[in-house]
Amino acid sequence: MKNAEVAKVFQDIADLLELKGENPFKIRAYQRAVFSLEHLPQEVEELVGEGRLREVPGVGEAIAKKITELVTTGRLKYYEELKAEFPPGISALLEVPGIGPKTAMRLGKELDIKSLDELEAAIAEGKVASLPRLGEKTAENIRRHIQALRRKDRRIPIGEAMLAVDEIMAGLRGVPGLKNLTPAGSLRRFRETIGDIDLMGTADSAPGAIKAFVGLPQVREVLASGTTKASVVVAGGLQVDFRIMEHDSFGSLLQYFTGSKQHNINLRDRAHRMGLKLSEYGITDLKTGELEKFTTEAAFYRRQGLEFIPPEIREGQQEIARAEAGTVPELVELADIKGDLHVHTDWSDGRDSLEAMAQAAKARGYHYLGISDHSAGRGIAHGLDGERLRRQIQSIRELNQKIKDIHIFCGTEVDIRADGSLDMPEELLGELDFVIAAVHSGMNQSQARMTERIIKAMESPHVDILAHPTCRLLPAREPVAVDMEAVFRAAVGTGTALEINAMPSRLDLKDTHVYRARELGVRLIINTDAHSSGHLGFMRFGIGVARRGWCRAEDILNTVSRAELAAYFKH
DNA sequence: GCCGTTTTCGGCCCGACTGTTTTCAGTCG
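Residues numbered from 1 in each chain as written. Chains lettered and ligands numbered in written order. Predicted model: local features only at pLDDT ≥ 70, side-chain atom pairs only at ≥ 80, totals over all residues. Heavy atoms only, no water.

**Considerations on the protein's contact with DNA strand B**
Short version of the rule: In this text, near means that some heavy atom of the residue lies within 4 Å of the molecule or strand in question. Nitrogen and oxygen atoms within 3.5 Å of one another constitute a polar contact, given that in protein one can donate a hydrogen and the other can accept it, and given that sequence-neighbouring residues count only through two side-chain atoms. Helix numbers and strand numbers start at the N terminus; a helix is a DSSP run of H or I with at least 4 residues, a strand a run of E with at least 2. Three residue categories are used. Nonpolar comprises Ala, Val, Leu, Ile, Met, Phe, Trp, Tyr, Cys and Pro, charged comprises Asp, Glu, Lys and Arg, and polar comprises the others, including Gly.
By nearness alone, 46 residues border DNA strand B, and R28, G98, T103, L134 and R268 come closest of all. The protein-proximal atoms of DNA strand B, defined as those within 4 Å of the protein, are 77% sugar or phosphate. K66 places a side-chain nitrogen or oxygen 3.5 Å from a phosphate oxygen of DNA strand B. Of all the secondary-structure elements, those providing two or more residues to the surface near DNA strand B are α2 (24-38), α4 (61-73), α6 (101-111), α8 (136-151), β5 (219-225), α13 (261-273) and β8 (276-279). Top contributing element to the surface near DNA strand B by residue count: α2, with five residues. Looking at the surface near DNA strand B, its residues break down into 16 nonpolar, 15 polar and 15 charged.

Below, the structure is given as structure tokens:
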């Protein structure tokens, strides 16, 4: 049973306990366990087998027993019995923003509502508005949220969110007295998808800044607007929360709204034991009641005896313990990257010429660039056969003579066929500086076949890099079925570098894979898969993924010098 | 239900906004 399936069951239990009006701390205990399961860098089945469940944070005696029962028998008696207590479908109501456990239970009990369709009908008949303590406005809000829920997925890829936030920030640039405008939340932590955008700032006059924000031309609907914060929906249905504070509290404000929720809970719990209370306003001494303010996050952490913790690893795992010990790793940065090794040109399906790509890479300060156009099997991408590839190699040699301060490596992105063989003859592969292998077809194979196929390709002496290992596309295509643990172990054996594909619609490997691969000693490389010179800028998304996987510069292959890279390709 | 620099029992993060109230419950992040 997969971690995600196990997590889903315990999330359901937490929801049902909430509907039941159980002790909120018990509910939180289940939610903590769900969070841990979702972020486990290993299969929960393995932990059960090794009897190591109790090492997982938030898993104690009772939950460990339930996980074991679920994983070994495929069922959980406690869960079945709990479900039987409620009308079916009622937990679906909790998905609607604005409906919490209390409201959901009342809708179920008093109006016999079991689905979103029934709820919509009840609103239309005026039944919801007539319930005590609800009313017209509440009913209308619920109706709107149901419609929004139907319209689109709740989360959007980080690439899109980044564009939207850039636009909004540009619109607020002229507001007088507004400073420190920064996106926080999951965007700042570089999660691969974003639910809503959190924007922070400080201002001489908070109400003035709020007024400017809700008046932006992008704003389609104002959900809430108070004296220090506002929530709006912009074009595309994306929700943006805006929070303003006085200048001298920016450190605590940014820290609080960057999250994650679990990181903040852990941090506040720890502070509480030190006799301190944390909030977006600063740190209050519980004895004296005195509030201390912080203009920077670093100072805010320092006051608690902690090293600065980069946003990307604030996920409630080991980061606070590491900050306490002063051993937070120095994470890889964009400036560490010396080149991009997965790049297409107009020789195959890219938009720009060889020289244009080389110039763009040089302008980014790269020391080297790897050209990797498709192999002939990618007919649709105008892949290169032997003759055209040899001509391209010649062109790259000539370009290297001409262009200064950057070196171009000749490579290819060769297809891995369904049987694991490569779509290019051995001797041709041998003429190249490096070889990237990738799956582009036959993606519905069984996990066993796909795993065997990929590992066979990695075992080829010519293959240096495995590109986008799971082939997923955000938000459309699910990853292929493949045993990643086996791929990681094979990669360590063959010395193949696994790609962190930085294209926002891929981000493949993803953060949790990167975390595990790094632990096992896999060599990783961040590439953009650029199909035009502008795409080279996707590198920052790949850096985000690598940082979320706790990677330092030395874990990433394309931070090394040109000479070291050439040596790596030869070995 | 979990967990330990106050603890094996008794705590468990903190504040803002809305709607329907008339002092607050519910929800959200």
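Now, onward.
**A short note on empty space enclosed by the protein**
To keep things clear, this is the line we draw: Here a cavity denotes a set of grid points, spaced 1 Å apart and computed over the protein atoms alone, in which a 1.4 Å probe fits but from which it cannot get out, and a pocket denotes an open set meeting protein on both sides within 12 Å along at least five of seven lines; residues with an atom within 4 Å of a point are reported as lining. Grid points are joined across faces, edges and corners, and a volume is the space filled by probe spheres set on the points.
Enumeration according to the criterion identifies one cavity of 30 Å³ or more in this entry. Taken as a whole, the largest cavity holds about 120 Å³ of empty space. Taken together, the residues of the lining of the largest cavity break down into four nonpolar, three polar and four charged.

**What to know about the sheet that holds β8**
The cut-off we apply is this: Here the rule is simple: two strands pair whenever DSSP picks up at least two bridges between them.
Here three strands make up an open sheet; going across it, the order is β8-β9-β10 and the pairing antiparallel. The strands lining the two open edges of the sheet, one partner per strand, are β8 and β10 (291-292).

**A look at the nonpolar core**
Applicable threshold: Among buried residues, those of type Ala, Val, Leu, Ile, Met, Phe, Trp, Tyr and Cys that are joined through side-chain atoms within 4.5 Å constitute a nonpolar core. Note on classification: 1.4 Å probe, protein chains only; a residue is buried when its accessible area is under 20% of the maximum for its type, exposed when over 50%, partly exposed between these limits. By definition in these notes, contact holds between two residues if any of their heavy atoms fall within 4.5 Å.
Membership of the largest hydrophobic core comes to 97 residues, with the highest contact counts inside it found for L172, F213, L498, L524, I526 and I556. Sort the elements by how many residues they give to this core and helix α9 (residues 158-172) lands first, with seven residues. Once you skip the residues sitting within four places of it in the chain, I556 turns out to touch V332, I337, I500, L524, I525, I526, A546 and C551. Of all hydrophobic cores here, the second largest spans 50 residues; its members include L17, L119, V128 and L131.

**Quick notes on the pairing of strand β7 (residues 238-245)**
With seven of eight residues buried, β7 lies mostly within the body of the structure. Note that strand β4 (residues 197-203) and β7 share six bridges and pair parallel. Bridge pairing links I197 to V240 in β7. Hairpin connection between strand β6 (residues 229-234) and β7: a loop of three residues separates the two successive antiparallel strands, and G236 in this loop has a positive phi of roughly 95°.

**Considerations on helix α1 (residues 3-20)**
Note that an α-helix has 3.6 residues per turn; residues three or four places apart therefore point the same way. Defined as follows: Given the number of residues in a helix, its expected span is that number minus one, multiplied by 1.5 Å.
For α1, with 18 residues, the first-to-last C-alpha span of 26 Å sits near the 26 Å given by 1.5 Å per residue. Among the residues of α1, N3, V6, A7, V9, F10, D12, I13, A14, D15, L16, L17 and L19 are the ones counted as buried. Against the buried residues of α1 lie α2, α3 (44-50), α4, α5 (77-84) and α6. Phi turns positive one or two residues past the end of α1, at G21, with a value near 80°.

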